[in-house]
Amino acid sequence: MDKNNWIYACKATDMPHNGGVCVQYGTEQIALYYFTHRNEWYATQNLCPHKKQMALSRGMLGSQQGEPKVACPFHKKTFSLKNGQCLNDEGCGSIKTYPVKVQGGNIFINVASILTPHSSTLIEYEPQ
Amino acid sequence: MRIIVIGNGMVGQKFCEKLVAQKIAGLELTVFGEETLPAYDRVHLSAYFAGKTVQDLCMKPMSWYAENNVNLHLGDPVTHVDRAQKTVTSFEGTQFSYDYLVFATGSAAFVPQISGVDKHGVFVYRTIEDLNLIWRHAKIAKSAVVIGGGLLGLEAAKAMLDLGIAHTHVVEFAPRLMPRQIDDGGSHVLTEKLKALGITTHTQKNTAVILGNETITGLMFTDGSMLSTDMLVISAGIKPRDELAKKAGLQTGHRGGITVNDRMQTSDPSVFAIGECAVHEGAVYGLVAPGYEMAEVVVHQLSGGSKQFSGFDMSTKLKLIGIDVASFGDPFITDEATRSIVYHDNHKGIYKRINVSSDGSKLLGGILVGDAEAYNKLQQICVNKLAIPPAPSDLIVAPASTSNGADNFELPAGALICSCEGVKKQAIEDAIVQNGCESFDAVKKCTGAGSGCGGCTPMVKDIINATLKKQGKMVRNIICEHFTYSRQELFDIIKIKDLRTFDAVLDALGTGDGCEVCRPAISSILASLWNDLIIKKESATSQDTNDRFLANIQKGGTYSVVPRIPGGEITPDKLIVIGTVAKKYNLYTKITGGQRIDLFGAHLNDLPLIWEELIAAGFESGHAYGKALRTVKSCVGSTWCRFGLHDSVSFAVRVENRYKGLRAPHKIKSAVSGCIRECAEAQSKDFGIIATEKGWNLYVCGNGGSKPQHALLLAADIDSETCIRYIDRFLMFYIKTADPLTRTATWLNKMEGGIDYLKNVVVHDSLGMAAELEAQMQTLVDHYECEWKTAVETPELRKRFTHFINAPEAKDPTIVFEPLRAQKKAAEW
Ligand SMILES: Cc1cc2nc3c(=O)[nH]c(=O)nc-3n(C[C@H](O)[C@H](O)[C@H](O)COP(=O)(O)OP(=O)(O)OC[C@H]3O[C@@H](n4cnc5c(N)ncnc54)[C@H](O)[C@@H]3O)c2cc1C
Ligand code: SF4
Ligand code: FES
C-alpha cells in the first residue's frame, strides 16, 4: 500500500471482459470489475448484503437508465456501481464502493475507507 | 407570511415540502432542528446498521433547502416561545418573529424510572446519534437486552443481532409480545419465530434495578430474578416532546402531547402542532402516515383549504426480515356483535385471526403472524368496508395467491393505497391513463406511491396491470430496457446479421450496457445458433454465473459437479471413480431424479482438478448448470424386463448423446420407457418416448415442477429414425420461437392452435422448414464439445477458476459447512 492507501490488485490483462474478480485485502474481500463496454473500472465489497454471500464479483454487469450496476448471482439483487445503492429492493442495504485507478496496465484500489463504516466514496477512474 | 417550524424530523420536513409546493407568494419559511443532521428517514433507521449511509437516509439533500429558500438552523433548538410578541428564541440566542408557528417536535424515547439508567452501556433507539453510540459499544458486547417487546423493541432486538451480538434478549412487562397489536395466540407463535432467530424473550418481567458499577453488568427484576448483559437498549414507548409548548402556556394532554383540534390548531389559533408531539382527541399517533396527514391539513389551513384531520387507521406491519407480523382494524374485539375466526398452525408457525361482524358481512379487524401475505388485501377490505366471502374463513385459510372469490375484489376509487404518501387508487389510475406512466417506477415518481415504507408495492403493481389491461394495452413482450425486441425477433435478426458476441448484438440492436436479463437471454440465443464455446473471454461474463463457471452456484458460494451419465447407465468402474473423487474433495453426494449423481460443495478452485480426474475416467460435462438438455431417463427395458417391448436404455443413450450440450431457452428433460407401464415417467418430460408394439410413441411438452402437465402425443408408432427426425424439428422449432426462460409446456400453452398446430409444423411440415430445422440441428450436433474438457486443457481458461485474483491458491475463507448424516451441507443463510 502506498501512503495514499492504494493497493495493487492485478494486471489489466488478467481481467475478464464485462465482469469481475475478487481481490483479497486482509480479511476484506473486494470485488473489482472491468466494464469493457463502457471502458470503466469499479470496485465494491464482495459481500452481497441480501443473504450475506461472497458473490458480487461473480455477478453480471449491466446498466439501468444509464446507471452501471452489478446483479448478484443468487437472487439478482442489483446494485449501482457508482454509489452502491440497491436498485431493485429498498429493504436491501447498500454496498461499499472503492475508487479504482489504472496505471501502466496495472490496477489499483483505494482502501482508505475500509476502517470507517458507512462512508460513501466517489468513483474516479482514468481510461487506459 | 412568516412561518416557523420547530423540529426538522420526518413530519416537519414533509410539512415544508408540501408547503413549498404551494408556491405561496411572500412565504418566509424558517426551520429549527435540534439534531445536527437534516431530516432523515427514521422509519428505516435500522437500515443504518445494514449499511445505509446518512446520505441514503436523508429525506432531502442540503441543497434542497437552499434551492427552495428554506432557512434551516440545524443543531440549534428553540428554547423559548413568546406568544404575545409572536417570537421564538433559539439556543444560540437568535430571535425570529412569526405569523404562524408549527410544533413538529416529535417524541423522545420513554425511559421508565429505574435506578441505574445513567450507566454506561444503556441506550435508547431513536436517532442516528443513538445508533452511533450503540454501534461503538456493540463492538465490545457479547450480549444485549432490549426492554420493550413492542414494534420498536423487536426492531431494536433484530438490530442487535445484525450487529453480531449472539445473545439478545427482549424483556416485556406485559404477559405477551406486541401487546397493543396482537393477542396471546399470535404472541406465542411470534415468540417461537424469534427464538429461531436467536432472540430470547421474557414476558411479565418488571425491571427493578440496573446492575453494575460504572458500566452495566445486568438487570434485576421485581420478582428477584436476574439477567446479566453487556448492554441495554430501552424501547418502552414514546413520550411526546411537549416541554417547550408547556412552557409557552399551550394546553397539553393528561398523558402528554400538545392538544390540537381537527385543524391541528393548539389552544393558540396561530400555533399548530403536528406529528408525534400532537394529541388529537386523546390519541398520540406514533406512526409516520398520520403525521403526514396532519402536515397536509396544516398546509391546507395556511393556503385557504378546508381539509381537517379525522383520526387515522392504525394498522401496522412489523418490518423485520423473515418474520411476518401484522394487525389491522380492531384486532381484539370480543363483544356480542363479533365473531372471531382463528387459524393456528403450530407446525408451520402461522397464526391468523379475523374478527367478523356476527351477520358475517363485515371484516372488523385481525392479526396475522407467520404469514402476512394477505395483509394489504385484508386491511383494504376492512378499511373500505368491502363485502367479504360467504364463508369468511376463506379470507385466511385459502392461500392469498389463488384466485378464488376473495381475491377478485374491486377496490373503490377512493381506497387509500399508499398510506405513507396518502395516495388513493384514483391517483394511480390517473397517472397511468392521463400521464402515460406504464411502469411501477414511473407511477412511483409521478404519484409518490410506494416511496415510503414500500409495503403497498404489490398493490400498486396490481393496479397498474389491471388498468393497462382495461385500456387494452398488451404488456409488451420485449426482453428488457436494452432491447425493444422479443426473443423470437432477436433470434432471427441475430442469425441474419450473423452476430457472434453479446457486445456485437448490443451495439447493433440495443442501447445501454445490457443487464442480468438480456445478457443470459442473448447468450442462450448465440449458443443455440452457433454452439461456440460459451466460456470464451468475450462471452463468459454474459452467461449466467452457472454457465460462466460451468457449475451451479450453491448456497454459501460453493459449486456442484454433475457428470453426464447417459440414460442413467453406468459401469461399476465409473461409480468407483465418482466415489473416490467425492471423498478426495470432500463432496456431498446425492442420486438425483434424473438418474445421475450430483456432487455438492466444491470450492471454485477445486473445480478444474475434480473435472480433470472425472474426464480422465471418461466422464463428460452433464450441463446441469445450463439452460440445456439435462438428462434422458430410461427404464431398464427389453434387455432385462419381462414386459419390455424395445431396448429403452440403448435408445435413451443414443438420444442423450445426440442432444447433449444443446442450449435452449430453458432446460430440457427427456425419458424413454420400454412399454406402456411407463416406469421412466416419459409423459412428464419436455419430450418423452414410449415403446409400442410397432415402434415408438413420441410425446412432447410435458412438465413436472410446480405446474405439472402431461405431455401430449405428437406422433404414434414411428421407427427410431423418424423419431429422431421429429425430435430434431421439435427442439429446433422450440429453440427458435420460445421466449426466454419458457419451458416447452408453457410455450405450447401460449401457442395459437396448440398441439394440432405443432403437429402440422413437425409432422406435416406445414411451414416448409423441416429440412432447414433438421440441418440446423445437425450443425449443432456436429459442433458439440465437452466444455469442461476444453476448460481443463486450456491454461487461460483454467486460470479463471480461482476465488482471489491476487491469491490464486487461497480458497474463500468465509465458506462454512455443517455436518449432516455422515456428510455435510451448506450453512444456513
Ligand atoms: C426505530 C424506529 C422505527 C420506526 N418504524 C416505523 C414504522 O415502521 N412505521 C411508522 O409509521 N413509523 C415508524 N416509526 C415512527 C416514526 O419514525 C415517527 O412516527 C416519525 O418520525 C414522527 O415524525 P415527527 O416529525 O413527528 O418526529 P421526529 O421524526 O422525532 O422529529 C422531531 C424532531 O424535532 C426535534 N426537536 C424536538 N424539540 C425541538 C426543539 N425545541 N427545537 C428544535 N427541534 C426540536 C427533534 O430533535 C427531532 O429531530 C419508527 C420510529 C423509530 C425510532
Ligand atoms: S416401462 Fe415397461 S419395459 Fe420399462 S421397466 Fe417398466 S414395465 Fe419394464
Ligand atoms: S445473496 Fe445476493 S441477492 Fe440474495
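The structure presented is a predicted model; accordingly, all values stated were derived computationally and were not measured.

S.K.: Explain the sheet that holds strand E4 (residues 40–45) of chain A here, please?
M.R.: As a general point, the strands of a sheet are linked pairwise by backbone hydrogen bonds and lie either parallel or antiparallel. Pairing is antiparallel in the open sheet, where four strands are placed in the order E2-E3-E4-E10 (chain A). Both edges of this open sheet fall to strand E2 (19–25) and strand E10 (97–98) of chain A, since each of them pairs with a single strand only.

S.K.: Would you mind showing me how to read the packing of helix H21 (residues 648–659) of chain B against helix H22 (residues 720–737) of chain B here?
M.R.: Two quantities define a packed helix pair, namely the angle between the axes and the distance from one axis to the other. Residue and element names in this part refer to chain B. Running from N to C, H21 and H22 point in directions that differ by 35°, and their axes come no closer than 12 Å. Considering how the two elements wind past one another, H21 and H22 form a crossing that is right-handed. Residues Phe651, Arg654, Val655, Arg658 and Tyr659 of H21 form the contact with H22, whose participating residues are Ser720, Glu721, Cys723, Ile724, Ile727, Asp728 and Leu731. Broken down by class, the residue content of the contact of H21 with H22 amounts to seven nonpolar, one polar and four charged.

S.K.: Honestly, helix H9 (residues 375–383) of chain B in this entry has me stumped. Any pointers?
M.R.: The periodicity of an α-helix, 3.6 residues per turn, causes residues three or four positions apart to be oriented the same way. In terms of burial, H9 of chain B is a largely internal element, eight of the nine residues being buried. Residues Tyr375, Asn376, Lys377, Leu378, Gln379, Gln380, Ile381 and Cys382 of chain B constitute the buried set of H9 of chain B.

S.K.: Help me understand the site of ligand 2 in this model?
M.R.: Every residue near ligand 2 is listed here: Cys635, Gly637, Cys641, Phe643, Gly644, Gly674, Cys675, Arg677, Glu678 and Cys679 of chain B. The residue inventory of the shell around ligand 2, partitioned by class, reads five nonpolar, three polar and two charged.

S.K.: What is the right way to look at the sheet that holds strand E5 (residues 87–90) of chain B in this model?
M.R.: Residue and element names in this part refer to chain B. Ordered by their spatial adjacency, three strands build an open sheet running E4-E5-E6, and the pairing between neighbours is antiparallel. Edge positions in the sheet fall to strand E4 (78–82) and strand E6 (95–97), since each of these pairs with one other strand and no more. Strand after strand, the sheet turns through a mean of 20° between neighbouring axes, direction not considered.

S.K.: I keep staring at H22 of chain B and nothing clicks. Help me out?
M.R.: Look at H22 of chain B: 26 Å from first C-alpha to last across 18 residues, which is about the 26 Å you get at 1.5 Å a residue. Of all 18 residues in H22 of chain B, 15 are buried; the element is thus mostly enclosed.

S.K.: Help me out: how do you make sense of the interface of chain B and chain A in this one?
M.R.: In many reports, interface size means the accessible area that the parts give up when they come together. Between chain B and chain A, the contact holds 48 residues from the first and 47 residues from the second. Interface of chain B and chain A: buried area, both sides summed, is about 4000 Å²; carbon and sulfur atoms make up 50% of it. Inspection of the region where chain B meets chain A yields three salt bridges. The salt bridge involving Asp513 of chain B is made with Arg38 of chain A; its shortest N-O contact spans 2.6 Å. Joining chain B to chain A, the criterion identifies 18 residue pairs in polar contact (both at pLDDT 80 or more). Going through the elements one at a time, helix H2 (54–57), helix H15 (502–509), helix H16 (518–530) and helix H18 (545–548) of chain B are the ones with two or more residues in the side of chain B that touches chain A. Its residues assigned to classes, the side of chain B that touches chain A comprises 15 nonpolar, 18 polar and 15 charged.

S.K.: Can you help me understand the environment of Tyr34 of chain A in this one?
M.R.: Along the chain, the position of Tyr34 of chain A falls in strand E3 (residues 28–35). Separated by 16 residues in the primary sequence, Tyr34 of chain A and Asn18 of chain A place their C-alpha atoms 5.5 Å from one another.

S.K.: What's the story with the confidence of the model for chain B in this structure? I'm lost.
M.R.: Low-confidence regions, as indicated by low pLDDT, have predicted coordinates that should not be scrutinised in detail. Residue and element names in this part refer to chain B. For chain B, per-residue confidence averages 87 on the pLDDT scale, and 95% of positions sit at 70 or higher. Contacts for the low-pLDDT stretch residues 399–408, under 50 throughout, to residues beyond four places or in other chains number 12 contacts. Complex prediction metrics read pTM 0.54 and ipTM 0.74.

S.K.: Where do I start with the environment of Met314 of chain B in this structure?
M.R.: Residues and elements named next belong to chain B. Looking at the element boundaries, Met314 is found in the loop between helix H8 (288–302) and strand E21 (316–320). Met314 sits in the partly exposed class, given a relative accessible area of 40%. Beyond its immediate sequence surroundings of up to four residues, Met314 is in contact with Tyr285, Gly286 and Leu287.

S.K.: I'm lost on the nonpolar core in this one. Help?
M.R.: Across soluble globular proteins, you tend to see nonpolar side chains buried next to one another. Residue and element names in this part refer to chain B. One finds Phe483, Ile494, Tyr659, Phe687, Leu698 and Leu758 to be the most contacted residues of the largest nonpolar core, which totals 61 residues. The biggest single contributor to this core is H22, with 10 residues. Of the residues that make up this core, three or more belong to each of domain 4 (487–543) and domain 6 (629–782). Other than its neighbours up to four places away in sequence, Leu758 contacts Val700, Cys701, Leu714, Phe730, Phe733, Trp747, Leu748 and Met751.

Rules and cut-offs
Along each chain, the written sequence defines residue order, and numbers are assigned to residues from 1. All chains are assigned letters beginning with A, and all ligands numbers beginning with 1, in the order in which they are written. Given that this is a predicted model, residues contribute local features only at a pLDDT of at least 70 and side-chain atom pairs are listed and counted only at 80 or more, while totals for whole chains, interfaces and linings are drawn from all residues. Excluding hydrogens and water, the side-chain values take into account all heavy atoms of the structure. Any two strands are treated as partners once DSSP identifies two or more bridges connecting them. By definition, any uninterrupted DSSP run of H or I lasting at least four residues is a helix, any uninterrupted run of E lasting at least two residues is a strand, and each is numbered from the N terminus. Comment: axis = line fitted to C-alpha atoms, over the contacting stretch for helices; angle = value between 0 and 180 degrees taken between N-to-C directions. A crossing counts as left-handed when the near helix is turned anticlockwise from the far one by less than a right angle, and as right-handed when that turn is clockwise. When checking whether two residues touch, look at their non-hydrogen atoms; a contact exists if any pair is within 4.5 Å. The residue classification treats Ala, Val, Leu, Ile, Met, Phe, Trp, Tyr, Cys and Pro as nonpolar and Asp, Glu, Lys and Arg as charged. All others, Gly included, are polar. Residue burial is assigned from relative accessible area. The probe radius is 1.4 Å, only protein chains are included, and a residue is buried under 20% of its type maximum, exposed over 50%, and partly exposed in between. The cutoff for a nearby residue is simple: one of its non-hydrogen atoms must lie within 4 Å of the molecule or strand. A helix's residues, less one, multiplied by 1.5 Å, set its expected span. Put simply, buried area is the surface a 1.4 Å probe can reach on two separate parts but cannot reach once they are joined, added for both. Note on definitions: salt bridges are taken to be side-chain nitrogens of Lys or Arg within 4 Å of carboxyl oxygens of Asp or Glu. Pairs of N or O atoms are called polar contacts if they sit within 3.5 Å, as long as, within protein, a hydrogen donor faces a hydrogen acceptor (for residues adjacent in sequence, only side-chain-to-side-chain pairs). Confidence scores labelled pLDDT are given residue by residue by the predictor and lie between 0 and 100. Buried Ala, Val, Leu, Ile, Met, Phe, Trp, Tyr and Cys residues that are joined via side-chain atoms within 4.5 Å together make up what is termed a nonpolar core. The domain limits used here are those given by an automatic or database domain assignment.

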